[in-house]
Amino acid sequence: MQEKIIILDFGSQYTQLIARRVRELNTYCEILPYNKFPENTEGVKGVILGGSPFSVNDPEALSTDLDRIRKVFPVLGVCYGAQYLAKSSGGKVGSAASREYGRAHLRNINTTDPLFKGIPENSQVWMSHGDTILEMPESFKVIASTEEVENAAYRIEGEPTWAVQFHPEVYHSEDGKILLNNFLKDICGCAQDWTPASFIETTVNELKQKLGDDRVVLGLSGGVDSTVAAVLLNKAIGKNLFCIFVDNGLLRKDEFESVMKNYEILGLNVIGVRAADKFYADLAGVSDPEQKRKIIGKGFIDVFDVEAHKLENIKWLAQGTIYPDIIESLSITGMVIKSHHNVGGLPARMNLQIVEPLRLLFKDEVRRVGRELGIPDNLISRHPFPGPGLAVRILGDITPQKVQILQDADAIFINGLREHGLYDQVWQAGVILLPIQSVGVMGDERTYENAVALRAVVSTDGMTADWSHLPYEFLAKISNEIINKVRGVNRVVYDISSKPPATIEWE
């Protein structure tokens, strides 16, 4: 039986971070919408009530049935969760006289309380709220304060319920991990034995049972997620897994050949399909980024469908869907952020069932599982790469000539990062071909050629990102090499935008 913690999502940007921190403590957890507490609670060891962009006093504030949770499971309310618990029990929540955002320091800690075991006085925490608990219900006992917030943390007497008005999950809460570990280990009694090795063992057994002797087809992209999904499935069903890798002409330089070689080393059964001409023809004259994405998605489906139909008795379509995709496809406030299926429409078209072996993992967990499976690090540590490939890094219409220019410039940048030991310090990097030309001088000749932008960001999960402060000497070397070696480029710029407000990709 899988032990787990349920995290109820009230729409906070920090909810995924809570889950990641719980998982880092070797405890499996699931994020569910605030109003979808499971009927089947087998294995549930505790519940965390997350934050929210709403005020608890807002007419649109989100609420859940606490009768199914309180006194039944250990509970930890975080920020909105803490205020919601207090208000629903008769307490008073209102605007703070002095709002607290950012760093604060705990004082008057009840060191005998199990939640604060090992946390010292003056421990730094991270606040992010305009409301505060003004009056506590009778059975609510304060166990920590800050200079501005008296009721920074409390426990409800007579039941295993705790709450904090700060965010223990963020990096700036110095002892937040200790607090979460106290809740998981000492209060919930979690075994903390959820590891990459245990995930592999459980998942392989489940796949064997679910798939039996059925045949499965998987569309490979060359990226981390689909590669790890393929190796997991291969471990479970071996020769009954058929992988298709489509070269749409928008991959990185020499990517098709290198990826095919890597997959051969991994012992995967891979069908490689050269389809660049089809994609170039379909994209001719198209500049709108969303239209490009749709054309590439449809083109992949068309090619994949033809190749898959050459195989016999395929029952399942495997996908490298990961947990953030699942979460973003759930409706918390009535709005679905995006559909998570990589090949929308294909399962129904081919009458296939879907299997997603990584659907419960975050990206960093996928990498840890990949390493545990013995997948070479050059595959596991690869930067994320957009599904539409270089099409969304060429601003404007797509031509084979533009693709070659971008491939050559991108190869110089990426290889340079590797050679100078910078690749693993960057979350994602690439080159963008701009739809402008600029005046330059090469030798004694005036040139009027393309400009490219280098983009490199640091991030933990891609949700937010900062531009990477690469050494000036390195950037100068790469700029010089691109201009000298890539015919058609005479200017290189560096993108120093962060996300938000910019995105990682330009399109």
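Predicted model, so just to flag it, every value in this text is computed and none were measured.

Side note on the sheet that holds strand 14 (residues 353-355)
Reading across the sheet, the 5 strands line up as 12-11-10-13-14 and stay open at both edges, with parallel pairing between neighbours. Two strands in the sheet have a free side with no partner beyond their single neighbour: strand 12 (270-274) and strand 14. Mean inter-strand twist for the sheet, computed between neighbouring axes without regard to direction, equals 30°. Across 5 bridges, strand 10 (residues 215-220) lies against strand 11 (residues 241-247) in parallel orientation. Its bridge partner lying in strand 11, Gly-219 is registered against Ile-244. Strands in contact with helix 8 (residues 289-308) are strand 10, strand 11, strand 12 and strand 13 (314-318); relative to strand 11, the strand with the most contacts, it is inclined by about 140°.

Here we look at helix 2 (residues 80-88)
The element helix 2 is largely enclosed, with a buried count of 7 among its 9 residues. The set of residues buried in helix 2 consists of Tyr-80, Gly-81, Ala-82, Gln-83, Tyr-84, Leu-85 and Ala-86. With its phi angle positive at about 100°, Gly-90 sits one or two positions after the end of helix 2.

Things to note about the packing of aromatic side chains
Evaluation of the coordinates by the stated rule reveals 14 aromatic pairs. Summarising the aromatic geometry, the rings of Phe-10 and Tyr-84 are spaced 6.1 Å apart at their centres and angled 50° between planes, so their arrangement reads as tilted. Of the two residues, Phe-10 is situated in the loop between strand 1 (4-9) and helix 1 (15-24) and Tyr-84 in helix 2; the sequence distance between them amounts to 74 residues. Comparing Phe-10 with Tyr-84, the two get one shared label, buried. Summarising the aromatic geometry, the rings of Trp-467 and Tyr-494 are spaced 6.2 Å apart at their centres and angled 75° between planes, so their arrangement reads as edge-to-face. Of this pair, Trp-467 sits in strand 17 (residues 466-467) while Tyr-494 sits in strand 18 (residues 489-494), and the two are 27 residues apart along the sequence.

Some remarks on the confidence of the model for the chain
Taken over all residues, the pLDDT of the chain has a mean of 90, while the share at 70 or more is 92%. Confidence, expressed as mean pLDDT per element, reaches its minimum in the chain at helix 10 (residues 346-350) with 60 and its maximum at strand 3 (residues 44-49) with 98.

Quick notes on the nonpolar core
As a rule of thumb, soluble globular proteins bury nonpolar side chains together. Core analysis: the biggest nonpolar cluster contains 51 residues, and Phe-413, Leu-417, Leu-470 and Ile-482 have the highest contact counts within it. Here the element with the most residues in this core is helix 13 (residues 400-419); it accounts for 8 residues. With near-sequence residues (within four places) excluded, Ile-482 lies in contact with Ala-409, Ile-412, Val-452, Leu-454, Val-489 and Val-492. The next biggest cluster of nonpolar side chains, apart from the first, holds 40 residues, and it includes Phe-199, Leu-211, Leu-233 and Phe-256.

Quick notes on the environment of Asp-65
Here Asp-65 lies in the loop between strand 3 and strand 4 (75-78). For the pair Asp-65 and Asn-35, spaced 30 residues apart in sequence, the C-alpha separation works out to 7.5 Å. Polar side-chain contacts of Asp-65 include one of 3.1 Å to the backbone nitrogen of Asp-67.

So, the pairing of strand 12
Pairing of strand 11 with strand 12 involves 5 bridges; the strand directions are parallel. Note on strand 12: the bridge partner recorded for Ile-244 is Ile-271. Following the chain from strand 11 across helix 6 (residues 255-265) to the adjacent parallel strand 12, one finds a crossover that is right-handed.

A look at the pattern of salt bridges
Inspection of the entire model under this criterion finds 29 salt bridges. The shortest N-O distance in the salt bridge between Glu-24 and Arg-21 comes to 3.0 Å. Highlighted residues: Glu-24 and Arg-21, both in helix 1, separated by 3 residues, approximately one helical turn. A salt bridge links Lys-292 to Glu-507, with the nearest nitrogen and oxygen atoms 3.0 Å apart. With Lys-292 in helix 8 and Glu-507 in the segment after strand 18, this residue pair connects regions lying 215 residues apart in the sequence. Among the residues examined, Lys-292 registers a relative accessible area of 0% and is labelled buried. Through salt bridges that share partners, Lys-278, Asp-282, Lys-298 and Asp-302 make up one connected network.

Each value, and the rule that gives it
- Residues numbered from 1 in each chain as written.
- Predicted model: local features only at pLDDT ≥ 70, side-chain atom pairs only at ≥ 80, totals over all residues.
- Heavy atoms only, no water.
- Pairing = 2+ DSSP bridges.
- Helix = DSSP H or I, 4+ residues; strand = E, 2+ residues; numbered from the N terminus.
- Axes fitted to C-alpha atoms, helices over the stretch in contact; angles between N-to-C directions.
- Contact = heavy atoms within 4.5 Å.
- Buried < 20%, exposed > 50% of the residue type's maximum accessible area, 1.4 Å probe, protein only.
- Phe/Tyr/Trp six-rings, centres within 6.5 Å; stacked < 30°, edge-to-face > 60°.
- pLDDT = per-residue confidence, 0-100.
- Core = buried A, V, L, I, M, F, W, Y, C linked by side-chain atoms within 4.5 Å.
- Polar contact = N/O pair within 3.5 Å; in protein donor to acceptor, adjacent residues only side chain to side chain.
- Right-handed = clockwise from strand over helix to strand, strands pointing away.
- Salt bridge = Lys/Arg side-chain N within 4 Å of Asp/Glu carboxyl O.

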